[in-house]
Amino acid sequence: MSDGVESDSDIELNDYDMDASETSLLVNKSQTESKTRSYENAQNYTERETKSNIEKSTGTPCYVWLLSFFAAVGGFLFGYDTGVVSGAMLLLTKRFDLSYLWQEIIVSATIAFAFLFALVGGFLNDVFGRKITTLIASFVFTIGAVVLGIAQNVAMLVIGRSILGIGIGLASMTVPVYIAECAPTELRGRLVTINNLFITGGQFIASVMDGAFSYYDNGWRFMFGLAGVPSVIQFIGFLFLPESPRWLMKKKKEDKARSALIKIRGTTDVENELTSILHNPSVRRAVIVGCGLQFFQQFSGINTVMGVAGRENRKKKVNFRQSLRCFISLIVLAVGFQLAAFNSPNITITEGQSSCLSYSSCEKCIEDSSCGFCYQSDSSQAVNGSCLKTLSQNTSQSVSGRCDSTHLSDHLVWAYDYCPTKYSWMGIMGLALYLMFFAPGTYWLFVVIVFIAIIFIWVVLPETKGKSLEEVEQLF
């Protein structure tokens, strides 16, 4: 029994040792596998981070900046074609002996057609997309430049300028939208600003070209014709650019939208952005904000300021001249009214029964809104004047007396709100001069408009920094 017990005990000890050994092996294996997994996870994480950093540093910005550059060429053409005409008109007027009317038509034809085709541009953007519309605008810009460059008569000038207006209308509706829809969130503000930068850059280059070719009789041909160079560059560049992913998603072309977004972003990880595009936002508030910003942009006086700067660089001299003219006009106005008051015709005839009978001169009579002055016109002088009560519902005649009819006889004249005097012309001339010369009044009007714009922007416009277009749409 003793041997048996010892044998069983030995067996149990051996089993225990085997179990412990197996447990130790399992623990070691588990620890090894855990370390392996941790290493693999760390390695995969490092690889993903490296890949992400490479994509962020090399993929997106370079291509998007290039895309924005080619799109913003439309803005450059906008600025160039609207600015170059000012210098070209000096040569065109001499070459074609243009009247003021034809000068106005040639200059304004571009703006008129730009207005019309901006409306058409919205339709083309919805139906054919941003890329096709931009290609059409580039082609139109090129045709317009060619027509103007080879123009032989006034009709060709008007046609060429009208064609440029078509291109401007299409480009102004397409370029900002295309850039905004393709730009990543963190770059959208800077990229959309490129279009505005190119517009002013186009105006600057237009001034340079005007100065460079103004010494040649046919210099206007180069001024207009050179606009075809950037439009050809834009056309060729856009042949290789993708369509807007958001327009493609709108047209249910998800595969093409994914491919375009991958190309623009420089990464295949675009599913979240692609999914976020699929919704129908409310646009009423966005339309109100957009229209409001456009209104205040145009009515804030920038064109007036640019015009003053273009005519005269010395602002001090401009202000001095404006103040001097204003001073002269106010003197004429004040002297005219004072002389008219001093030489107001006397009331010499008493007619009827009313409170108007108490006044002794025309000046006192017309200050009462219920009275009017009735007189005879004799050799441009007022004689036999009377102060009569006027009809409340019809100020063109008096209640009673000689001027109680609109068909006055015996050279009778009914003056309800003025006094006949030989100095009346001074008041009229002073008022006209004041309106013409008092530019500061115009600028105070712009101050009021801009103040309203500040309130409008603060109350209505939400902050869009760092938000995707889909998140911006949700804000509205």
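Residues numbered from 1 in each chain as written. Predicted model: local features only at pLDDT ≥ 70, side-chain atom pairs only at ≥ 80, totals over all residues. Heavy atoms only, no water.

Chemist: How should I be thinking about the state of the cysteines in this particular structure?
Modeler: Linking two cysteines covalently via their sulfur atoms produces the bond known as a disulfide. Under the criterion given, the structure shown has four disulfides. Between the sulfur atoms of cysteine 362 and its disulfide partner cysteine 419 the distance amounts to 2.1 Å. Across the disulfide from cysteine 362 to cysteine 419, rotation about the S-S bond amounts to roughly -105°, and the bridge is consequently left-handed. Note that cysteine 362 is positioned in helix H15 (residues 362-367) and cysteine 419 in the loop between strand S3 (412-415) and helix H16 (424-437), a separation of 57 residues in sequence. (Disulfide = S-S within 2.5 Å. Helix = DSSP H or I, 4+ residues; strand = E, 2+ residues; numbered from the N terminus.)

Chemist: Help me out: how do you make sense of the packing of helix H4 (residues 130-149) against helix H8 (residues 228-238) in this one?
Modeler: Working note: a packed helix pair is described by the angle between its axes plus the distance between those axes. Running from N to C, H4 and H8 cross one another at 155°; their axes reach a closest spacing of 8 Å. In terms of their interaxial angle, H4 and H8 are classed as roughly antiparallel. Considering the relative orientation of H4 and H8, their crossing is left-handed. Between H4 and H8, the contacting residues are Lys131, Thr134, Leu135, Ser138, Phe139, Phe141, Thr142 and Ala145 on the first element and Gly228, Ser231, Val232, Gln234, Phe235 and Phe238 on the second. Grouping the constituent residues of the contact of H4 with H8 by class yields seven nonpolar, six polar and one charged. (Axes fitted to C-alpha atoms, helices over the stretch in contact; angles between N-to-C directions. Parallel < 35°, antiparallel > 145°, perpendicular 65-115°, else oblique. Left-handed = near helix turned anticlockwise from the far one by under 90°. Contact = heavy atoms within 4.5 Å. Nonpolar A, V, L, I, M, F, W, Y, C, P; charged D, E, K, R; others polar.)

Chemist: Sorry, what's going on with the sheet that holds strand S2 (residues 381-389) here?
Modeler: Strand pairs in the sheet, formed through backbone hydrogen bonds, run parallel or antiparallel to each other. Ordered by their spatial adjacency, three strands build an open sheet running S2-S1-S3, and the pairing between neighbours is antiparallel. Since the sheet does not close on itself, it has two edges, and those belong to S2 and S3, each with one partner. Taking each pair of neighbouring strands and ignoring which way they run, the sheet shows an average axis angle of 25°. In the sheet, strand S1 (residues 371-378) pairs with S2 via seven bridges, with the strands oriented antiparallel. Paired with cysteine 374 across the strands is serine 386, a residue of S2. (Pairing = 2+ DSSP bridges.)

Chemist: Help me understand the environment of phenylalanine 198 in this model?
Modeler: Note on placement: phenylalanine 198 falls in helix H6 (residues 188-213). Using a relative accessible area of 18% as the deciding quantity, one classes phenylalanine 198 as buried. Remark: the alpha-carbon pair of phenylalanine 198 and phenylalanine 78, spanning 120 residues in sequence, is separated by 8.7 Å. Setting aside residues no more than four positions away along its own chain, phenylalanine 198 makes contact with Phe69, Ala72, Val73, Gly75 and Phe76. (Buried < 20%, exposed > 50% of the residue type's maximum accessible area, 1.4 Å probe, protein only.)

Chemist: Help me understand the UniProt feature "transmembrane region" (unreviewed entry) in the protein in this model?
Modeler: Per the UniProt record, "transmembrane region" (unreviewed entry) is annotated on residues 62-80, 100-120, 132-152, 158-179, 191-216, 222-241, 324-342 and 431-461. Span residues 62-80 is 100% helix and 0% strand, its end C-alpha atoms 26 Å apart. In this annotation, residues 222-241 is assigned 75% helix and 0% strand; the end-to-end C-alpha distance for the span is 30 Å. (UniProt positions renumbered as here; feature names shortened; annotations may be inferred.)

Chemist: Hey, could you run me through the packing of aromatic side chains in this one?
Modeler: Where two aromatic rings form a pair, the distance of their centres and the angle of their planes describe that pair. Within the structure shown, the criterion is met by eight aromatic pairs. Judged by centre distance (5.2 Å) and plane angle (10°), the rings of phenylalanine 213 and phenylalanine 222 are stacked. The exposure class assigned to phenylalanine 213 is buried, which follows from its relative accessible area of 19%. Ring geometry for phenylalanine 373 versus tyrosine 375: centroids 5.5 Å apart, planes at 25°, classification stacked. (Phe/Tyr/Trp six-rings, centres within 6.5 Å; stacked < 30°, edge-to-face > 60°.)

Chemist: Help me out: how do you make sense of the pattern of salt bridges in this one?
Modeler: When their charged atoms lie close together, side chains carrying opposite charge are able to pair. Applying the stated criterion to the full structure yields eight salt bridges. Between glutamate 181 and arginine 130 there is a salt bridge, and its shortest N-O distance comes to 2.8 Å. Taken together, the residues span a long stretch of sequence, with glutamate 181 in helix H5 (residues 154-182) and arginine 130 in helix H4 at a distance of 51 residues. Under the relative-accessibility criterion, arginine 130 is labelled buried at 9%. Two residues, glutamate 273 and arginine 265, come together in a salt bridge whose shortest N-O distance is 2.7 Å. Judged by its relative accessible area of 8%, arginine 265 falls in the buried class. A network of salt bridges, in which partner residues are shared, links Glu254, Asp255, Arg258 and Glu271. (Salt bridge = Lys/Arg side-chain N within 4 Å of Asp/Glu carboxyl O.)

Chemist: Help me understand the side chain of lysine 131, please; the structure alone is not making it clear to me.
Modeler: As for its position among the elements, lysine 131 is in helix H4. Buried within the structure, lysine 131 lacks any salt-bridge partner; glutamate 243 is the closest side chain of opposite charge, at an N-O distance of 7.3 Å. A distance of 2.7 Å separates a polar atom in the side chain of lysine 131 from the backbone oxygen of leucine 241. Beyond its immediate chain neighbours, meaning those up to four positions away, lysine 131 contacts Phe238, Leu239, Leu241, Pro242 and Glu243. (Lys, Arg positive; Asp, Glu negative; His and termini not counted. Polar contact = N/O pair within 3.5 Å; in protein donor to acceptor, adjacent residues only side chain to side chain.)

Chemist: Honestly, the side chain of serine 398 in this entry has me stumped. Any pointers?
Modeler: Inspection of the secondary structure puts serine 398 in the loop between S2 and S3. In terms of polar contacts, serine 398 uses its side chain to reach the backbone amide nitrogen of aspartate 404, at 3.3 Å. In this view, serine 398 contacts Leu388, Lys389, Thr390, Leu391, Cys403, Asp404 and Trp414; residues no more than four positions away in its chain are not counted.

Chemist: Help me understand a nonpolar patch on the surface, please; the structure alone is not making it clear to me.
Modeler: Judged by side-chain polarity, Val448, Phe451, Ile452, Ile455, Trp458 and Val459 come together as a nonpolar surface patch covering roughly 690 Å² of accessible area. The topology assignment puts tryptophan 458 in helix H17 (residues 439-460). The class of tryptophan 458 is exposed, set by a relative accessible area of 75%. (Patch = residues over 30% accessible without salt bridge, like charges linked within 9 Å, V, L, I, M, F, W, Y side chains within 5 Å. Areas by Shrake-Rupley, 256 points an atom, 1.4 Å probe, with all protein chains shown as cover.)

Chemist: Before we go on, may I ask you to explain the nonpolar core in this structure?
Modeler: One broad trend across soluble globular proteins is that nonpolar side chains are buried collectively. If you look at the biggest cluster of nonpolar residues, it comprises 57 residues, and the most contacted ones within it are Leu92, Leu157, Trp220 and Phe224. Elements with a minimum of two residues in this core: helix H1 (2-83), helix H2 (85-96), helix H3 (100-128), H4, H5, H6 and helix H7 (219-225). Counting residues per element, this core draws most heavily on H5, which supplies 13 residues. If we skip the residues at most four places from it in the chain, leucine 157 touches Leu92, Phe96, Ile106, Leu148, Ala151 and Trp220. Counting ten residues, the second largest nonpolar core, distinct from the first, contains Cys362, Phe373, Cys387 and Ala415. (Core = buried A, V, L, I, M, F, W, Y, C linked by side-chain atoms within 4.5 Å.)

Chemist: What should I look at first to understand the environment of lysine 467 in this one?
Modeler: One can find lysine 467 in the loop between H17 and helix H18 (469-475). In this structure the C-alpha to C-alpha distance between lysine 467 and threonine 185, which are 282 residues apart in sequence, comes to 5.8 Å. Setting aside chain neighbours within four positions, we find lysine 467 in contact with Thr185, Arg188, Val472 and Leu475.

Chemist: Would you take a moment to explain the packing of H5 against H6 for this structure?
Modeler: Put simply, H5 and H6 touch, their axes get as near as 9 Å, and they point 160° apart. Classed by the angle they form, the pair H5 and H6 counts as roughly antiparallel. Note on packing geometry: the crossing formed by H5 with H6 is right-handed. Contacts between H5 and H6 involve Val175, Pro176, Ile179 and Ala180 from the first element and Arg188, Leu191, Val192 and Asn195 from the second. Among the residues making up the contact of H5 with H6, the classes are represented as six nonpolar, one polar and one charged.

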